[in-house]
Amino acid sequence: MQPLSSSYTSFTAGAQFELDGLHHEILYSDSEGVLLLDENGKRKDMPLLTLQGLVGNGLKFVIAKKEVPVLPVLTDIQHKQLNRKMTYVEYAIAEAPQAPTSKQYSSIAREKARTKLSDPNPPGLSTINEWIRKYIAALKSEYALLPEGGHGRNSKFSSDVTDLADEVIVNYILVPEPFSTVEAYEIFKVKVLKEGLTEGKIPAASTFANWISELQYFEVINAQDGFIAKDMASRQMLKKFSCPHLLGRVEFDAIHIQIGLLDDGTRKYRGSIIIMVAIDVFSRCILGYSYHVGKGGESVELTTQCVQNAVMPKAREDWSMCGLMSLAACDAGASFVSTHFTGFLAQFNINRLTTAVKKPYRKPFVENFFKTLRKQLLTKLKGYLGSARYKGVYKEKSDLKKEAFYTVSEFRELFENYICENYHQSGHEGLRNRSPASVWNDAVGKMPGLVTFPEDIELFKAWGGRLDSRKLHPTRGITANKHCFNSRTLGKWYSELYGNPSYINKPIELMVSHSKQDISKVLVFHPKSSDWITLPNTNPTVYSGMSELEFTMQEELKYEGIEEATRKVFDVNEQIIHHEASAQNKAENDEKSKVKGNQKQEKTGVTLGEGNLKSALSNLSQQQRPQESFEGSEAENEEDNVDAQVIAEQKPRKIVEVKIHGEY
């Protein structure tokens, strides 16, 4: 195997090289051949295998990094659709580079693009703006404008309904004397009623017929006409999947394994595992894998890490299979067609072939490996509960925790041992009973130039699964997945960008590539240049390559042996100190009120309970009475005197009654 090359450029559109004294540029490439244009303007076709064999033997690459990454293998219709979208995007950016989505210029740009394309039905402004946002978010990659694909057949119907349909197809279609599609559908409807599945949606007869037509053709032939007919049909069908050299076609897919795993430290239950695998079609070698344990499904982080593990050398000496693939074959699942993953492939010039979801026969080699994995490894592991499609070993998911036996690291070691010591060393019928390891080593020995690596290896290894915009804080740096990342270089970037007119009265945002599969670092791109840096996690307990799952395990291990406690609500009324403070406060307020009352009495000159109360009240009455005299005043004075006498006569009686009947 050749050492890591720092000047490698893949045989993709736009790559340039010197051969036989002439300068060549690749106009188009696929898994079989390339279309070349030499310096004299002549075009010619050449097999890809021939070119790869000339690497280091007269062929020298000329590094000419393209501004727009290479496109995947597309049909003519897809190329037209993509060119149409890019025309509208490019005109919008050219019209207003700083604000291509602004209303002031977007209408003008759309009209110019419509005129150039003679487009009778131009897209709306909101649609064009969405294309622009996707294009910029993916580091100006055309990949981002590709359609993301549809949903699988399970999107409309419950899993119980689709499982029942599969059961009917297996038992009544894939048999030597099959029922017709109409008869099978009638049987299916009877079983739906019997199972009580009429509340949800039920597929129509046409949908059921489409599911049958999508079956793997040579498996149907095998079930109905026997092995010999199946063998002949499969040879014809597999011609489209033939690959003439190493790394020409690599298939990616994931398997959800029904086995519960335990934490390495605490041995507490963590959940089931998902493993994503990359297999080389030419040699049948497993190039790499990635895994996820616990809640969640297939993610773009898992997919990106699988590609990185497949391309780069492994730690195990007996696992030498690796290298940059020419074509990555994957289905239209959300993790594969996401903007983040397509931008990653575009950055490193990896062509992509997208197959339909829920059609495993479009990726026959990786699907066949999963079947082999189940038979040779998984069914022999303690705690494996099988699959609903493999009768005899299936149990309910609720038993996963109860049956959990292996830790995460133990299962990983078992899986890697099986790959390196068993699978790679066993003979395969498709390889004429040769082992994948021997086929790989033989091909590398004859043409070492087939195994190559990315031009910028550090950038490739540092790339995370997700790429989005994050705010830059002057002291905390970048925050992603609830972790902080910072460095001195990032501080210099902040000082440089803080005075930039583009960031006046608005936060500084940077494009950040991050992943929960590796929280030890993130990749950050400078917004005004092509520079990039990797930022370390500021948490000293996070080690290199640590995943979010491993970090959670580590945090829980700190408190191992300490009993968990429920949250207690603090009630201040239960505290003695609160009541003591309340009593003290009340006493102080009473004392203040008493002092205030005494001061008021001193100002008025009246002392309650002392002296002649009658004379004091009379003096106050005289002080407040007006001095003017008017008619009838004498009569009123007489009435006042009478009232005063009545009060004077009645008051002592009241006091006497209180003394007699009151309680002192």
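Overview of the structure.

Conventions we followed
Residues numbered from 1 in each chain as written. Predicted model: local features only at pLDDT ≥ 70, side-chain atom pairs only at ≥ 80, totals over all residues. Heavy atoms only, no water. Axes fitted to C-alpha atoms, helices over the stretch in contact; angles between N-to-C directions. Helix = DSSP H or I, 4+ residues; strand = E, 2+ residues; numbered from the N terminus. Parallel < 35°, antiparallel > 145°, perpendicular 65-115°, else oblique. Contact = heavy atoms within 4.5 Å. Nonpolar A, V, L, I, M, F, W, Y, C, P; charged D, E, K, R; others polar. Pairing = 2+ DSSP bridges. Left-handed = near helix turned anticlockwise from the far one by under 90°. Phe/Tyr/Trp six-rings, centres within 6.5 Å; stacked < 30°, edge-to-face > 60°. Buried < 20%, exposed > 50% of the residue type's maximum accessible area, 1.4 Å probe, protein only. Lys NZ or Arg CZ within 6 Å of the ring centre and 35° of its normal. Expected span 1.5 Å × (residues − 1). Salt bridge = Lys/Arg side-chain N within 4 Å of Asp/Glu carboxyl O.

Where helix H13 (residues 364-376) contacts helix H15 (residues 408-423), the axes come no closer than 12 Å and their chain directions differ by 100 degrees. What the angle tells us is that H13 and H15 run roughly perpendicular. Residues Phe369, Thr372, Leu373 and Gln376 of H13 form the contact with H15, whose participating residues are Phe415, Tyr418, Ile419, Asn422 and Tyr423. Classifying every residue of the contact of H13 with H15 gives six nonpolar, three polar and no charged.

This next bit is on the side chain of Gln517. Note that Gln517 resides in the loop between strand E14 (509-515) and strand E15 (518-525). Those residues in contact with Gln517, other than ones at most four positions away along the chain, are Tyr291, His292, Glu301, Leu302, Gln305, Gly545, Met546 and Ser547.

So, about the sheet that holds strand E16 (residues 532-536). A sheet is described by the order of its strands in space; here four strands give the open sequence E11-E14-E15-E16, paired in antiparallel fashion. Across the chains shown, the open sheet's two edge strands, defined by having one partner strand only, are strand E11 (466-471) and E16. With strand direction ignored, the average angle separating the axes of adjacent strands in the sheet is 35 degrees. As judged from the six bridges shared by E11 and E14, these two strands associate in the antiparallel manner. In the strand pairing of E14, Arg470 is matched with Leu510.

Relative orientation of the contacting elements helix H10 (residues 300-311) and helix H12 (residues 339-347) amounts to 20 degrees, with a least axis distance of 9 Å. On the basis of the axis angle, H10 is roughly parallel to H12. In terms of crossing hand, the pair formed by H10 and H12 is right-handed. Facing H10, whose interface residues are Val300, Thr303, Thr304, Val307 and Gln308, H12 presents His340, Phe341 and Phe344.

Here five strands make up an open sheet; going across it, the order is E8-E7-E6-E9-E10 and the pairing mixed. Of all strands in the sheet, those with a lone pairing partner are strand E8 (286-293) and strand E10 (351-355), marking the two edges. Going across the sheet, the axis of each strand differs from the next one's by a mean of 30 degrees, ignoring polarity. Relative to strand E7 (residues 269-280), strand E6 (residues 250-262) is paired through 10 bridges, and the arrangement is antiparallel. Considered in E7, the bridge of Phe252 is made with Ala278. Sheet strands in contact with H13 are E6, E7 and E8, and its direction is about 25 degrees off that of E6. Along the sheet, helix H19 (residues 548-558) makes contact with E7 and E8, crossing E7 at roughly 155 degrees.

Attention now goes to the packing of aromatic side chains. Inspection of the entire model under this criterion finds 19 aromatic pairs. For the ring pair Phe348 and Trp463, a centre distance of 5.8 Å and an interplane angle of 80 degrees mean the geometry is edge-to-face. In this pair, Phe348 is assigned in the loop between H12 and E10 and Trp463 in the loop between helix H17 (457-462) and E11, connecting sequence segments 115 residues apart. Taken individually, Phe348 and Trp463 each receive the classification buried, so the pair is uniform in this respect. Feature note: the residues Phe336, Phe341, Phe344, Phe348, Phe460, Trp463 and Phe525 constitute an aromatic cluster, connected by ring pairs. If you follow Lys314 out to its NZ or CZ, it ends over the ring of Trp319, 5.6 Å from the centre.

For the rest of this paragraph, the subject is H13. Taking 1.5 Å per residue, 13 residues should reach 18 Å; H13 reaches 18 Å between its end C-alpha atoms and fits that length. Restricting attention to buried positions, one finds in H13 the residues Pro364, Phe365, Val366, Phe369, Phe370, Thr372, Leu373 and Arg374. Tucked into the core, H13 has its buried residues touching E6, E7, E8 and H15.

Before going further, it helps to examine the pattern of salt bridges. Inspection of every chain in the model, using the stated rule, returns 16 salt bridges. Between Glu251 and Arg249 there is a salt bridge, and its shortest N-O distance comes to 3.2 Å. By the burial criterion, Glu251 is buried, and Arg249 matches it. Residue Glu301 is joined to Arg466 by a salt bridge in which the shortest nitrogen-to-oxygen separation is 3.0 Å.

Glancing now at the environment of Arg374. Structurally, the position occupied by Arg374 is in helix H13. When its relative accessible area of 18% is taken as the criterion, Arg374 is described as buried. Between the alpha carbons of Arg374 and Gly386 there is a distance of 8.2 Å; along the sequence they are 12 residues apart.

Our focus in this paragraph is the pairing of E15. Across the eight residues of E15, seven count as buried, placing the element largely inside the fold. Across four bridges, the pairing between E14 and E15 is antiparallel. Paired with Val512 across the two strands is Val524, which belongs to E15. What sits between the antiparallel neighbours E14 and E15 is a turn of two residues. Relative to E16, E15 runs antiparallel, the two sharing five bridges. Opposite Val522, over in E16, you have Leu535 as the bridge partner. Between E15 and E16, which follow one another and run antiparallel, lie six residues.

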